[in-house]
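Below, each chain spelled out in residue letters.
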Amino acid sequence: MTDVHIRPAVQTLPAYVPGARSTGEEVAKLSSNELPYPPQESVLAALTAAAGGVNRYPEMTGDALVEAIAQRHAVAPEQVVVGNGSVALIQHVLDTICDEGDDVVLPWRSFEAYPICIAVAGARAVKVPLTADGRHDVAAMIAAVTSRTRALLACTPNNPSGPALTADELTALVEGVPERVLVIVDEAYLDFVTDPAVGDALTLLADHPNLLVSRTFSKAHALAGMRVGYLVGEPGIVSAIRSVATPFGVNLPAQAAAIAALEPAALAETARRAAVVATERDRVLAALRAQGWQVPDAQGNFFWLAVGEQTDALAAHFRAAGILARPFSGEGVRVSIGTPAENDRVLAATAAWPAR
Ligand SMILES: *Cc1c(COP(=O)(O)O)cnc(C)c1O
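Procedures and definitions
- Residues numbered from 1 in each chain as written.
- Predicted model: local features only at pLDDT ≥ 70, side-chain atom pairs only at ≥ 80, totals over all residues.
- Heavy atoms only, no water.
- UniProt positions renumbered as here; feature names shortened; annotations may be inferred.
- Helix = DSSP H or I, 4+ residues; strand = E, 2+ residues; numbered from the N terminus.
- Buried < 20%, exposed > 50% of the residue type's maximum accessible area, 1.4 Å probe, protein only.
- Contact = heavy atoms within 4.5 Å.
- Disulfide = S-S within 2.5 Å.
- Pairing = 2+ DSSP bridges.
- Axes fitted to C-alpha atoms, helices over the stretch in contact; angles between N-to-C directions.
- Domains from an automatic or database assignment.
- Buried area = accessible area lost by both parts, 1.4 Å probe.
- Salt bridge = Lys/Arg side-chain N within 4 Å of Asp/Glu carboxyl O.
- Polar contact = N/O pair within 3.5 Å; in protein donor to acceptor, adjacent residues only side chain to side chain.
- Nonpolar A, V, L, I, M, F, W, Y, C, P; charged D, E, K, R; others polar.

The chain goes by Aromatic amino acid aminotransferase in an unreviewed UniProt entry, where it is assigned to Actinomyces glycerinitolerans. The record held by UniProt for the chain lists under Function (unreviewed entry) the comment "Aminotransferase that catalyzes the conversion of aromatic amino acids and 2-oxoglutarate into corresponding aromatic oxo acids and L-glutamate."

Take the environment of Ala 188 next. By secondary structure assignment, the location of Ala 188 is in the loop between strand E6 (182–186) and strand E7 (211–216). Taking the relative accessible area as the measure of exposure, Ala 188 reaches 9% and is therefore buried. With residues near it in sequence (within four places) discarded, Ala 188 still touches Ser 214, Thr 216 and Lys 219.

Below, the discussion takes up the state of the cysteines. Should the sulfur atoms of two cysteines be covalently bonded, the bond is a disulfide. Enumeration according to the criterion identifies 0 disulfides in this entry. No disulfide involves Cys 98; its nearest neighbouring cysteine sulfur is the one of Cys 117, lying 11 Å away. On the accessibility criterion, Cys 98 (9% relative accessible area) is buried.

Right, let's talk about the sheet that holds E6 for a bit. If you walk across this open sheet you meet the 7 strands as E2-E8-E7-E6-E5-E3-E4, and the pairing is mixed. Each end of this open sheet is capped by a strand with a single partner; those strands are strand E2 (80–83) and strand E4 (124–129). The sheet shows a mean angle of 20° between the axes of neighbouring strands, taken without regard to direction. The sheet contact formed by E2 and strand E8 (residues 229–232) spans 4 bridges and is antiparallel. Along E8, the bridge assignment pairs Gly 83 with Gly 229.

A separate point is the UniProt feature "domain: Aminotransferase class I/classII large" (unreviewed entry) in the chain. UniProt marks residues 26–348 with the feature "domain: Aminotransferase class I/classII large" (unreviewed entry), using the numbering shown here. A distance of 16 Å separates the end C-alpha atoms of residues 26–348, which is 38% helix and 17% strand.

What follows is about the domain arrangement of the chain. When cut into domains, the chain gives domain 1 (8–39 + 265–351) and domain 2 (51–263). Between the C-alpha centres of domain 1 and domain 2 the distance comes to 23 Å. Interface area for domain 1 against domain 2, summed over the two sides, is near 2700 Å², with a carbon-plus-sulfur share of 62%. In this structure, the connection of domain 1 to domain 2 is made through 2 salt bridges. Across the salt bridge formed by Glu 331 and Arg 109, the nearest N and O atoms sit 2.9 Å from each other. Along the contact surface separating domain 1 from domain 2 lie 13 residue pairs in polar contact (both at pLDDT 80 or more). At the level of secondary structure, the elements contributing two or more residues to the side of domain 1 that touches domain 2 comprise helix H10 (264–290), strand E9 (302–305) and strand E11 (326–328). The element that contributes the greatest number of residues to the side of domain 1 that touches domain 2 is H10, accounting for 10 residues. Each residue belonging to the side of domain 1 that touches domain 2 can be placed in one class, and the counts come to 21 nonpolar, 6 polar and 8 charged.

Attention shifts here to unusual backbone geometry. Across the junction of Thr 156 and Pro 157, the peptide omega takes the value -5°, indicating a cis bond. Structurally, Pro 157 can be placed in the loop between strand E5 (149–155) and helix H7 (167–175). Residue Pro 160 follows Asn 159 across a cis peptide bond; omega there is 10°. Tracing the sequence through the fold places Pro 160 in the loop between E5 and H7. Despite not being glycine, Ala 74 shows a phi value in the positive range, around 55°. Take Ala 74: it is sitting in the loop between helix H3 (63–73) and E2.

Structure below.
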């Protein structure tokens with residue numbers, strides 16, 4: 001026991017449960033939505049070369065990386081801030097804009113890091129339930145905004161349920177809240193989207209200074225272990241976030257790896273891999289539905305089995321079949337798309353599950 005004061009908001013934080021880590025070659029690790037492929041050779045070469053220089057500090061705000069990201073999205077460098085993963089950046093955003101007791105509206109169930117970040121910022125999470133088919137309830141989210149609301153979070157495609165916001169839904173959300181409310185759109189899985197109706201929040205930035213878009217190198221770029229994410233938004237907000245963010249928050253090899261990942265050839269390979277994963281995802285979804293499963297639309301590199309009370313049993317069934325999935329007790333199991341062989345193993349396990 002310690003006599004040191006721990007903030008009550010911190011004492012009551014829900015635990016962030018990471019996806020189970022692999023325990024051997026034979027186990028399909030489908031618990032954290034990572035890419036099943038190693039980093040690209042050019043990226044690996046850049047980060048290995050940079051590792052030899054780590055007796056020196058990196059650029060403090062990652063200027064070269066910020067420049068490369070700004071070029072990629074045709075925005076000004078002043079609109080971009082990089083950080084040690086997008087989760088760290090979302091924490092910095094909320095620390096920047098929330099006073100004690102302010103409200104943050106979010107869809108639920110969604111990314112489990114959100115309620116933790118909100119609580120650490122001293123704010124209150126206002127959770128708006130997803131619709132029955134796992135989508136954001138856009139009208140209900142807008143209706144949940146009050147004079148106490150500082151920010152609204154959206155996750156598209158939504159982790160763990162799978163559907164993404166259409167361009168119309170995204171526009172309705174951004175235009176449906178007062179301009180003093182910051183709308184944070186987390187697009188960690190946007191590279192895997194194939195539905196042409198799905199929107200891209202970056203296209204709304206020019207008209208909406210209260211919009212902030214979050215992206216990451218952790219998923220399609222196959223760099224989860226390097227911890228690099230970024231936000232794109234209005235320069236005044238971005239500058240304030242930068243003043244809160246950890247100095248030298250993206251380490252030297254990580255900056256080099258992310259810059260290499262933005263080279264045209266690397267981006268082309270990332271897009272090719274994302275398309276392969278999306279094709280596999282669609283194959284798996286069709287097979288699951290043919291087996292009789294109810295599965296919400298999946299636009300990311302994962303799908304959601306909402307088995308409720310059977311969640312822990314289904315996760316154990318997967319484990320026995322050599323598959324690590326991500327159970328959310330009492331709600332459902334999220335399964336990442338892996339290699340075709342791993343996905344076949346998943347489909348064999350789901351076919352052998354009686355209660356679907
Ligand atoms: C995986 C994931 C991220 C990525 O977080 P990093 O800190 O950048 O690794 C962000 N948002 C959601 C919804 C995710 O599922």
